[in-house]
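What the coordinates show
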Amino acid sequence: MKKNDEFVVAIEDMSEDGAGIGRVDGYIWFIKDTVIGDVVRAGVMKMKKTYGFARLIEVVEPSKDRVEPRCPVARQCGGCQLQMMDYEAQLRFKERKIYNNLKRIGGMENLRLPGEECGSEDEGAGTGERAGADGRKIVRMEPIMGMEEPWRYRNKAQFPFGVSKDGRVITGFYAGRTHSIIENEDCLLGVEENREILRIVREFMEEFGVKPYDEEGHRGLVRHCLIRKGFATGEIMVCLVVNGRKVPKEEVLVERLRQVDGMTSISLCVNMEKTNVILGDEVVNLWGPGYITDYIGGVKYQISPLSFYQVNPAQTVKLYGTALEYAGLTGEETVWDLYCGIGTISLFLAQKAKKVYGVEIVPQAIEDARRNAEINGIEHVEFFVGKAEEVLPREFEEKQIYADVIVVDPPRKGCDQVCLDTIVKMGPKRVVYVSCDSATLGRDVKYLGERGFEVERVRGCDMFGMGGHVETVIMMRNCNPNKNRGLKPQNIVKLCIE
């Protein structure tokens, strides 16, 4: 086959990013906007030795799980890779994605799906007491935590600004793998206030000749509009990301934005670098306190423009509640929370822990974390600025600070090996791992599993309905914490099996 040739194929599976997978004479095709069970006509885009990429031309026979996307620009935008799939089918896809990565990468041959039938080697599976064929206890995944309403759930959105072919100021989202803006002021995953705010900003720019940023020429002023809303409080933040330190007639813009119900904070984020990184490091406050507040459960948080804060508040309560449950705290434990951000999980854990230590590399986030602890009157937490793989060994080796429980919530790349080695040396009773990428989770699970830790509980949480990502929480038990503590990692080998 060559470029633009057409073929018909049945979609048998889906890739990590939500593209359909079909096979023709053993050759694998990846086709976006398709669903398992579809039979489609596709056109060749690019071919490699053993696989290729094709575009969807026509759905010949729709899958039973195919639905009509609600958003009129769903295919062009690409932000919702799964919007054409029934939501219950999305949950099954994400559950299996976690399962496959933990089994294939993490070596968890003892893992079973929630409804998976047991084989003959799994006698007693589901009880947590009987071993599988490889000598390890069967671990059955707990059912994924889905959303009651998978629309209008995002409390944060970042909209790029640009110019249309006919010269109009436009905003929306980048098409997949490009920086071409698909015009859309009302994303159905975002809050309804986004539409009004974007209209105000766009009309202001047109009225006063304020130019959108041009990436190629490094000209123009307005790069993005960051909007955040506290779902529990109703407070709204607008932060314009600009190629400068001032916006012409900004007092007019502030006055217009203040009319939006719930508006609490208006600011500029300075980013004058020639980069595709959205946010800069400097924030100029125009009106309001410079932050909004929100609650996760009973814990109150201050959120600044640069703060990391989970985008789905309803599911965050479920995610953190599961992490707290898995931690098994009685009020007597010392807990380390690594990659703690603004202290969201740390303060959640502090409700039931004797002492919590949080570590985060971003200084502004630690300032927010300390402020959040003060707001909530939580005194038994302590936060450190630095890399987890540097702070943890230092505090352990120099000050002999141990941990009963360690909680990690790393970025997509997973945990640093030095960090994992220190976890092993500290020998906590339990490790709770909150992951936004089950592939790197699988890698780290295998590493810890070879050093005396055994997975006991696994559960997915859908934080990103209509998208391909999924969060996972696992609990690993230290098979012999007293024997492990203080030993070098290479001397701790598969104590669980022993």
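Residues numbered from 1 in each chain as written. Predicted model: local features only at pLDDT ≥ 70, side-chain atom pairs only at ≥ 80, totals over all residues. Heavy atoms only, no water.

Looking at the sheet that holds strand β20 (residues 381-385)
Using the following cut-off: One requirement defines pairing of two strands: DSSP has to find at least two bridges between them. Starting at the N terminus, helices and strands are each numbered in turn, a helix being any DSSP run of H or I of at least four residues and a strand any DSSP run of E of at least two. Axis geometry follows a simple rule: fit a line to the C-alpha atoms, using only the stretch in contact for helices, then measure angles between N-to-C directions, giving values from 0 to 180 degrees. Two residues form a contact once any of their heavy atoms are found within 4.5 Å.
With mixed pairing, 8 strands are arranged side by side in an open sheet as β8-β23-β24-β22-β21-β18-β19-β20. Of all the strands in the sheet, just β8 (142-145) and β20 have a single pairing partner and so form its edges. Each strand of the sheet is rotated relative to its neighbour by a mean of 20°, with strand direction disregarded. Across 5 bridges, the pairing between strand β19 (residues 355-360) and β20 is parallel. Paired with Val356 across the two strands is Val381, which belongs to β20. Lying on the sheet, helix α2 (residues 87-104) is in contact with β8, β23 (453-461) and β24 (471-478); it crosses β8 at an angle near 125°. Contacts between helix α10 (residues 438-449) and the sheet are confined to β22 (430-435), β23 and β24, with β24 contributing the most and set at about 5° to the helix.

Points about the UniProt feature "binding site: S-adenosyl-L-methionine" (unreviewed entry) in the protein
Applied cut-off: UniProt positions are given in the numbering used here, feature names are shortened, and annotations may be inferred rather than shown by experiment. Residue burial is assigned from relative accessible area. The probe radius is 1.4 Å, only protein chains are included, and a residue is buried under 20% of its type maximum, exposed over 50%, and partly exposed in between.
Residues given the UniProt feature "binding site: S-adenosyl-L-methionine" (unreviewed entry) here are Gln310, Tyr339, Glu360 and Asp409. Considering the arrangement of structural elements, one finds Tyr339 in the loop between β18 (334-338) and α6 (344-350). Residue Tyr339 is classed as buried on the basis of its relative accessible area, which comes to 18%. Setting aside anything within four residues of it in sequence, one finds Tyr339 in contact with Val359, Glu360, Ala388, Glu389, Val408, Asp409, Pro410, Pro411, Gly414, Cys415, Asp416 and Cys419. Accessibility expressed as a relative area gives 13% for Asp409, which makes it buried. Once residues lying within four places of it in the same chain are set aside, the contact partners of Asp409 are Gln310, Leu338, Tyr339, Ile345 and Val434.

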